[in-house]
Amino acid sequence: MQPKRLLTGVACCLFPVLAQAAMTASYACPESVPAASISLNAVPAGWTPYIGSPLYLSAAAPIDGAPERRGQLVPSGERKKKGQTTLSYRLEGRYPDGKWVQCSYGVHGEVTLSRRMDDSVSLCEFTYRKGSKAGQNEIDIDCR
């Protein structure tokens, strides 16, 4: 086989793989919100606030629009396997205010960090595993 033809053949086979890799987006949530970044303002008179530990990641999900819209989405599927739970979200259709990923911290999601996702994302899977801290989850996010 001629070298030029071999290169063309390899390029034809690799391009779809590389294109798929480029389309997969990484939206990893930070593991925690450091205690030093948390502050309490306007506390009642006579009370002194103290924050002694970070808030750990407890949940993550895509949302419809910016966080203040509170556009929580319902998973389209759920799989459980060996101590892991994977939630799937189909993100097809119109999202005029954008698609966002929201990471929740604290046992009840008291603090959130959110980030806008690429408009081309049409599917996200969030895989949960119990973390080592109380209420903590380790979450892998795969969006494409």
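Residues numbered from 1 in each chain as written. Predicted model: local features only at pLDDT ≥ 70, side-chain atom pairs only at ≥ 80, totals over all residues. Heavy atoms only, no water.

Examining the pairing of strand β7 (residues 123-130)
Of all the eight residues making up β7, six are buried; the element is thus mostly covered by neighbouring parts of the structure. The pairing of strand β4 (residues 84-90) with β7 spans six bridges and is antiparallel. Each bridged residue has a counterpart across the sheet, and for Leu-87 the counterpart in β7 is Phe-126. Two elements, β7 and strand β8 (residues 137-143), share seven bridges in a ladder whose sense is antiparallel. Looking at β8, one finds that Tyr-128 is bridged to Ile-139. The antiparallel pairing of β7 with β8 creates a hairpin that spans six residues between the two strands, and Gly-135 there sits at a positive phi of about 75 degrees. (Buried < 20%, exposed > 50% of the residue type's maximum accessible area, 1.4 Å probe, protein only. Helix = DSSP H or I, 4+ residues; strand = E, 2+ residues; numbered from the N terminus. Pairing = 2+ DSSP bridges.)

Quick notes on the confidence of the model for the protein chain
Per-residue pLDDT for the protein chain averages 87, and the proportion of residues at 70 or more is 83%. Taken as a whole, residues 6-22 scores under 50 in pLDDT and shows two contacts with residues more than four places along the chain or in a different chain. (pLDDT = per-residue confidence, 0-100. Contact = heavy atoms within 4.5 Å.)

Comments concerning the side chain of Gln-136
In this structure, Gln-136 sits in the loop between β7 and β8. For Gln-136, the side chain forms a polar contact with the main-chain nitrogen of Lys-133, separated by 3.0 Å. If sequence neighbours within four positions are ignored, Gln-136 has contacts with Glu-31, Tyr-56, Leu-57, Lys-130 and Gly-131. (Polar contact = N/O pair within 3.5 Å; in protein donor to acceptor, adjacent residues only side chain to side chain.)

Describing the pattern of salt bridges
In this structure the tally under the stated criterion is nine salt bridges. Across the pair Arg-69 and Asp-97 runs a salt bridge whose closest N-O atoms are separated by 3.2 Å. Remark: Asp-97 occurs in the loop between β4 and β5 (99-105) and Arg-69 occurs in the loop between β2 (55-64) and β3 (77-81); sequence separation between them is 28 residues. Among the residues examined, Asp-97 registers a relative accessible area of 40% and is labelled partly exposed. Ionic pairing is found between Glu-138 and Arg-129, a salt bridge with its closest N-O pair at 3.7 Å. For Glu-138, a relative accessible area of 37% gives the class partly exposed. Arg-129 gets classed as partly exposed once you look at its relative accessible area, which sits at 22%. (Salt bridge = Lys/Arg side-chain N within 4 Å of Asp/Glu carboxyl O.)

Brief notes about the sheet that holds strand β6 (residues 111-116)
Taken together, the four strands give an open sheet; going across it, the order is β1-β2-β5-β6, and neighbouring strands pair in antiparallel fashion. Whereas interior strands pair on both sides, the edge strands pair on one side only; in this sheet they are β1 (32-33) and β6. The pairing of β5 with β6 spans six bridges and is antiparallel. Bridge pairing in β6 links Gln-102 to Ser-114.

A word on the sheet that holds β7
On the basis of which strands lie adjacent, the open sheet formed by four strands has the order β3-β4-β7-β8 and antiparallel pairing. Strands at the two margins of the open sheet, each flanked by one partner only, are β3 and β8. Pairwise comparison of adjacent strand axes, ignoring direction, gives a mean angle of 20 degrees for this sheet. (Axes fitted to C-alpha atoms, helices over the stretch in contact; angles between N-to-C directions.)

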